[in-house]
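An overview of the molecular structure
Listed here are the chains, written in short residue letters.
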Amino acid sequence: MPKFTLQELCEKLGEPFEGDGSIQIMGVAEIDSAKEGEISFVANPKYVAKIPICRASALIVHKDLDTDFRPVIRSSNPYLTFTQALYLFHKDQRKLSGGIHPSCHVDPSVQLGEDITIMPHVIVERGAVIGDRSILYPGVFVGEGAVIGNDVTLYPNVSIYAGCRVGDQSILHAGCRIGPINIQPAAEKPPVVLNDDVELGANVVISGQSESPTVIGQGVKIDNLVQIGAGTQVGPHCIIVAQVAIGDHVTLGERVTIAGQVVVSPGVTIGEKAQVGAKSVVMDDIPPCAVFWGVPAQAFSKEKRLKANIARLPKMFDKIQHIEDHLSELES
Amino acid sequence: MPKFTLQELCEKLGEPFEGDGSIQIMGVAEIDSAKEGEISFVANPKYVAKIPICRASALIVHKDLDTDFRPVIRSSNPYLTFTQALYLFHKDQRKLSGGIHPSCHVDPSVQLGEDITIMPHVIVERGAVIGDRSILYPGVFVGEGAVIGNDVTLYPNVSIYAGCRVGDQSILHAGCRIGPINIQPAAEKPPVVLNDDVELGANVVISGQSESPTVIGQGVKIDNLVQIGAGTQVGPHCIIVAQVAIGDHVTLGERVTIAGQVVVSPGVTIGEKAQVGAKSVVMDDIPPCAVFWGVPAQAFSKEKRLKANIARLPKMFDKIQHIEDHLSELES
Amino acid sequence: MPKFTLQELCEKLGEPFEGDGSIQIMGVAEIDSAKEGEISFVANPKYVAKIPICRASALIVHKDLDTDFRPVIRSSNPYLTFTQALYLFHKDQRKLSGGIHPSCHVDPSVQLGEDITIMPHVIVERGAVIGDRSILYPGVFVGEGAVIGNDVTLYPNVSIYAGCRVGDQSILHAGCRIGPINIQPAAEKPPVVLNDDVELGANVVISGQSESPTVIGQGVKIDNLVQIGAGTQVGPHCIIVAQVAIGDHVTLGERVTIAGQVVVSPGVTIGEKAQVGAKSVVMDDIPPCAVFWGVPAQAFSKEKRLKANIARLPKMFDKIQHIEDHLSELES
């Protein structure tokens, strides 16, 4: 497992810390089981009481949490920052068994890297490229001219349509479909490009396009069953939670966070570091660093005020009744 | 097909009945086609008029429905209770052709039960266990050390990651992914445990975890395209409808019902027999037997009152206008 | 690529046009890159400014857009109409390599059409039918007695359960699951019928049923990760956007449009040409040609007014305060 100083870790996570940045972090664990040398997190308020008895060497906490614990990484979403840390510590734990199983069908024109592992019943079509040390699990399909980078893991039944590209160190879980498209890609244009260090959950679908490719930036983490539309650009280090549906030709800046089951309408732009709350529908552009929520999505403070206003209604109805009564008293 | 007395059936369904519990139920059918010896249901109010001409021997109806028909099973969700009954009557209709197709790759260390059926292009990795009479359809992947119980059906392209466990009589439809995880499981800890009699729809994803396993209780029924987070505990006999997204470390008690496209936030606890309405976002714990709805989810009666309050607004605006007019009249 | 006159194209799209219907359309392109002979579209208001400099021979615009450009196709949803046009122009671009790969398992009883392509590791079970010129990608599963029409494309890992039918010229993207069901189909009743010219996105699930089949009408276009319930009827030329969940026994009339992540409750009927906005929950029937939105879904104008009413609340609260102050002044 890799080692990082706290400062190195924070640079990778894109979050600030308080306390000694030089300490060594050697692993991640939950708050109850964390030991010296490990980092843990507090996302749910009910775990704040456990901070004084926690043995972790560092904690990821909410940016506004009042705590004396040091060192801390401060994040607007401690849970997601923790899952990113989890990924950083574990992504290199790959077994490399090597070799191509005889039941595979790899076209003779395919360019194969060193120390690759291709398990049974994998198909790699004409003109594709498989980088060094990459692992293809059973039933993976790599279409004509597709390019798979170095140190990539494709879990069972991942399908890479013709011409798509997967960057180095990327991990695609079982059943991901990259580049569904009915139009043959033009010579030089890949329908989908995943940059390096991308992680996709199971059964994710990223649609392809022949005019302008769908691009997923470096270090992006996408959860299970997400759909990304054709021609969409997802900036580096974005986090997209389970079952989000992003339309065609959307643009997400760097480090955007999209919570579960959000819909982003076609053509929308979301600025860097913006956050969108669970189940929102994003119908218009969102500025950088904004926190949005609702249907349609609006500034979080506005949406919260709107919900508070709705909650005040019973009181208001009483007041109006009271005023009416008062008024008729006055008259009589 | 199995036979049950009405009373036996109600015990399995966990719902009360009125009338003669000793009658034999031999099958399920829709209200128009049900015959003697079969059970049917009325979920939609527009079918209530068909009750007097229905030939079924028993009906599943809403717990508050005013009807003289007997016997009836009373349920807070007749449609879901019906689908559970459907499952009870049909789950044993399995063909057992037997044998392992020569195109499969089953590691010599795998422990194989009796009368199993392993269809073409299945992969079973080192140290895995396949129980008696289980059926693995084409393209199934069973990872290292995974344990598949007796009488299990795994439909095409199901992927069971290393170390996960699937209980007896469970049915996993095509494209289910059990245990996507990047961390090798510790020796004794399975990333995901499905208990007996679990049924999963197609393309369901259940995430795994190395510290505390994701556990799906006995008799749980999960619909198509659902995602369950890592470390989550789903109690026995829960029903989870299509495209629900449950976060990590969630706890669902026994017989919880979650309607379509609900989001449950990480770390939340939902008490036994609670029900959550379609498209809710559950952000806080829900007590046992409660019925919740909304974004964020709140008691159903509260959410309904809230919606009623919003519907009253135009009238209220008129009233306020009226009061203002009245007031200026009074002054002048 | 095919050619159409504008009038022919509009008949296929089911939308009216203004201007010269006799011009030849030979392709589709985005507004910036469209050339003479091509059709483009304007969905987002920010692209309206590009209309005067657009070189396309025709444009798809919103039905209420004020523009002098001619000819135009007028649509209530220009983007979806464009994607339909895209499909019409590109669906015939199929390569036909011919033949059955020796690694496939095709039962000797299967009825095979002419010029078919069956790629490695495909399974076709007893009594199935594969029509002329159809293409089955690696890892496809076609169950017992299933019928695949002519000119069909089944992308990698599509699973067709026993007895289901797929119409001519249909395209099913990777990981689609047709007919998950636990009950063996009755002799003459297919669990799912897809009519001709259906297109399904990746990882779509269409549930099956033994009593009354699930039917998808001619020319229906379904986006990625959608779920369709058992016994549901989807009328011809409907468009269903990503991650929609349609319950069991739902009826959709002709040319219905359902936007992203909508839930349609079991048993509901939606009339022809109706439109449902993103993330709605449809709990009751919707009349033909209506535009509905919200949770629960209601007429779009009503839902908009409701949202406008909520937005007016802060002002109303101020007014009430003001009235109260005024009233106490009056009294004193």
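The numbering scheme is per chain: residues are counted from 1 as the chain's sequence reads. Labels follow written order: the first chain is A, the first ligand is 1, and so on. Totals for whole chains, interfaces and linings use all residues, but because this is a predicted model, local features are given only for residues with pLDDT of at least 70 and pairs of side-chain atoms are given and counted only at 80 or more. Excluded from the side-chain calculations are hydrogens and water; all other atoms, namely the structure's heavy atoms, are used.

1. Some remarks on the overall build of chain A
As a reminder, the rule being used: Secondary structure is summarised from DSSP: a helix means a run of H or I of at least four residues, a strand means a run of E of at least two, and numbering begins at the N terminus for each. A 1.4 Å probe rolled over the protein chains alone gives each residue an accessible area, and that area as a share of the maximum for its type sets the label: buried under 20%, exposed over 50%, partly exposed in between. Throughout, a contact is declared for two residues whenever any of their heavy atoms are within 4.5 Å. Methods summary: accessible areas were calculated by the Shrake-Rupley approach with a probe of 1.4 Å, and residue burial reflects only the protein chains presented.
In terms of helices and strands, chain A carries four helices and 38 strands. In terms of principal-axis extent, the alpha carbons of chain A reach across some 100 × 50 × 30 Å. By the burial criterion, 59% of the 332 residues in chain A qualify as buried. Within chain A, counting contacts between residues at least 6 apart in sequence, those at least 24 apart form 21% of the total. Accessible area of chain A: about 12,600 Å², with a carbon and sulfur share of 51%.

2. Let's talk about a nonpolar patch on the surface
Formally: Every patch collects residues that have over 30% relative accessible area and no salt bridge, joining them within 9 Å if they carry like charges and within 5 Å if they are nonpolar side chains (Val, Leu, Ile, Met, Phe, Trp, Tyr). Just to be clear on terms, a salt bridge is a Lys or Arg side-chain nitrogen sitting within 4 Å of an Asp or Glu carboxyl oxygen.
Together, Leu330(A), Leu330(B) and Leu330(C) make up an exposed nonpolar region whose accessible area comes to about 200 Å². Tracing the backbone shows Leu330(A) in helix α4 (residues 313–331).

3. Quick word on the pattern of salt bridges
Two side chains bearing opposite charge may form a pair once their charged atoms approach each other closely. Residue and element names in this part refer to chain A. Across all of its chains, the model carries 30 salt bridges over all chains by this definition. Between Lys 221 and Glu 199 there is a salt bridge whose closest N-O contact spans 3.8 Å. Of the two residues, Lys 221 sits in strand β26 (residues 221–222) while Glu 199 sits in strand β23 (residues 199–200), which places them 22 residues apart along the sequence. Look at the salt bridges and you will find they share partners, linking Glu 18, Arg 70 and Arg 74 into a network.

4. Some thoughts on the relation of the copies chain B and chain C
Stated precisely, the cut-off is as follows: Least-squares superposition of the copies uses the C-alpha atoms of those residues scoring a pLDDT of at least 70 in each of them.
You can overlay chain B on chain C at an RMSD of 0.1 Å; the transform is a turn of 120° with a shift of 0.0 Å along its axis. What we have between these two chains is a three-fold relation.

5. A few points about the interface of chain C and chain A
Filter applied, for reference: Once two parts are joined, some of their accessible surface, as seen by a 1.4 Å probe, is lost; buried area is that loss totalled over both. Polar contacts, as used here, are pairs of N or O atoms within 3.5 Å; protein pairs need one atom able to donate a hydrogen and one able to accept it. Residues neighboring in sequence count only if both atoms are side-chain atoms.
At the interface, 51 residues of chain C touch 58 residues of chain A. Summing the contributions of chain C and of chain A, the shared interface buries around 4,100 Å²; its carbon and sulfur component is 60%. Our count for the contact surface shared by chain C and chain A stands at one salt bridge. Residues Glu324(C) and Lys319(A) are paired through a salt bridge, measuring 3.5 Å at the closest nitrogen-oxygen approach. Remark: the boundary between chain C and chain A carries 18 residue pairs in polar contact (both at pLDDT 80 or more). Those elements that place two or more of their residues in the side of chain C that touches chain A are α2 (78–90), α3 (300–311) and α4 (313–331) of chain C.

6. Details of the packing of helix α4 (residues 313–331) of chain B against α4(C)
The following threshold applies: Axis definition: a line fitted to C-alpha atoms, limited for helices to the stretch in contact. Angles are taken between N-to-C directions and run from 0 to 180 degrees. Any angle from 65 to 115 degrees is called roughly perpendicular, while one under 35 is roughly parallel, one over 145 is roughly antiparallel, and all others are oblique. Two helices cross in a left-handed way if the nearer one is turned anticlockwise from the farther one by less than a right angle. They cross in a right-handed way if the turn is clockwise.
One way to put it is that α4(B) packs onto α4(C) with a least axis distance of 11 Å and a crossing angle of 30°. Relative to α4(C), the element α4(B) lies roughly parallel. Crossing hand, α4(B) versus α4(C): left-handed. Contacts between α4(B) and α4(C) involve Leu313(B), Phe317(B), Ile320(B), Gln321(B), Ile323(B), Glu324(B), Leu327(B) and Glu331(B) on the former and, on the latter, Leu313(C), Met316(C), Lys319(C), Ile320(C), Ile323(C), His326(C), Leu327(C) and Leu330(C).

7. Topic: the interface of chain B and chain C
Note the cut-off: Only Asp, Glu, Lys and Arg are considered charged, only Ala, Val, Leu, Ile, Met, Phe, Trp, Tyr, Cys and Pro nonpolar, and every remaining residue, Gly among them, polar.
The interface is formed by 51 residues belonging to chain B together with 58 residues belonging to chain C. Taken together, both faces of the contact between chain B and chain C bury some 4,100 Å²; the carbon and sulfur share is 60%. For the interface between chain B and chain C, the tally reads one salt bridge. Counting across the chain B and chain C interface gives 18 residue pairs in polar contact (both at pLDDT 80 or more). Every element with two or more residues in the side of chain B that touches chain C is listed here: α2 (78–90), α3 (300–311) and α4 of chain B. Of all the elements, α4(B) adds the most residues to the side of chain B that touches chain C, at nine residues. For the side of chain B that touches chain C, the residue count by class is 25 nonpolar, 16 polar and ten charged.

8. Some details on the environment of Gln209(B)
Looking at where Gln209(B) falls in the secondary structure, it is placed in the loop between β24 (205–206) and β25 (214–216). Classification of Gln209(B) as buried rests on a relative accessible area of 14%. In sequence terms Gln209(B) and Lys189(B) are 20 residues apart; their C-alpha atoms lie 9.2 Å from each other. In contact with Gln209(B), not counting residues within four places along its chain, are Glu30(A), Ile181(B), Pro190(B), Pro191(B), Ala230(B), Gly231(B) and His249(B).

9. Regarding the sheet that holds strand β20 (residues 171–172) of chain B
All names here are of chain B. Our working definition: Two strands qualify as a pair provided DSSP detects at least 2 bridges between them.
The strand order β8-β11-β14-β17-β20-β23-β26-β29-β32-β35-β37-β38 describes an open sheet built from twelve strands, whose pairing is mixed. One side of each edge strand has no neighbouring strand; the edge strands of this open sheet are β8 (99–100) and β38 (298–299). Pairing of strand β23 (residues 199–200) with strand β26 (residues 221–222), which is carried by two bridges, proceeds in the parallel orientation. By the bridge assignment, Glu 199 is partnered in β26 with Lys 221.

10. A short note on the side chain of His121(C)
Summarising the element assignment, His121(C) is placed in the loop between β11 (117–118) and β12 (123–124). Setting aside residues up to four positions removed in sequence, His121(C) forms contacts with Ser103(A), His105(A), His121(A), Val122(A), Ile123(A), His121(B), Ser103(C), Cys104(C), Gly139(C) and Val140(C).

11. Digging into the sheet that holds strand β6 (residues 58–62) of chain A
All names here are of chain A. Read from one edge to the other, the open sheet built from five strands follows the order β2-β7-β6-β5-β4, with strand pairing classed as mixed. Taken across any chain shown, the strands that pair with only one partner, and hence form the sheet edges, are β2 (17–18) and β4 (27–28). With four bridges joining them, β6 and strand β7 (residues 72–75) adopt parallel strand pairing. Pairing of Val 61 across the sheet is with Arg 74, part of β7. Here helix α1 (residues 6–13) sits on the sheet in contact with β2, β5 (38–41), β6 and β7, set at roughly 10° to β7.

12. A few points about α1(A)
Residues and elements named next belong to chain A. The condition is simple: Working note: the arc is built from the helix axis to C-beta atom directions.
All buried positions along α1 are accounted for by Leu 6, Leu 9, Cys 10 and Leu 13. Buried residues in α1, looked at end-on, bunch into an arc of 100°, giving them a common side. Where α1 terminates, the next one or two residues include Gly 14, which has phi positive at roughly 70°.

13. Regarding the packing of aromatic side chains
Which entries qualify depends on this criterion: Geometry of aromatic contacts follows a simple scheme: Phe, Tyr and Trp rings, the Trp one being its six-membered ring, pair when their centres are within 6.5 Å, and the pair is stacked under 30 degrees between planes, edge-to-face over 60, tilted otherwise. Counted as over-ring charges are cases with an Arg CZ or a Lys NZ within 6 Å of the ring centre that also lie within 35 degrees of the ring normal.
All told, the structure shown has 15 aromatic pairs over all chains when counted by the stated rule. Geometrically, the ring pair formed by Tyr137(A) and Tyr155(A) is stacked, given 4.7 Å between the ring centres and 25° between the ring planes. Remark: Tyr155(A) occurs in the loop between β17 (153–154) and β18 (159–160) and Tyr137(A) occurs in the loop between β14 (135–136) and β15 (141–142); sequence separation between them is 18 residues. On the accessibility criterion, Tyr155(A) (9% relative accessible area) is buried. Three or more aromatic residues joined by ring pairs form one cluster here, namely Tyr137(A), Tyr155(A), Phe141(B) and Tyr161(B). Above the ring of Trp293(C), the side-chain terminus of Lys307(C) is found at 5.1 Å from the ring centroid.

14. Details of the confidence of the model for chain A
We apply this condition: What pLDDT conveys is the predictor's confidence in a given residue, as a value from 0 to 100.
Per-chain confidence: chain A averages 90 in pLDDT, with 95% of residues scoring 70 or above. For this predicted complex, the interface confidence reaches an ipTM of 0.79, while the overall pTM sits at 0.82.

15. Topic: unusual backbone geometry
Phi is mostly negative for residues that are not glycine, and the peptide bonds are mostly trans. Residue and element names in this part refer to chain B. The linkage connecting Val 295 with the following residue, Pro 296, adopts the cis geometry, with an omega of -10°. The phi dihedral of Gln 169 falls on the positive side, at around 60°, and the residue is not glycine. Gln 169 gets classed as partly exposed once you look at its relative accessible area, which sits at 30%.

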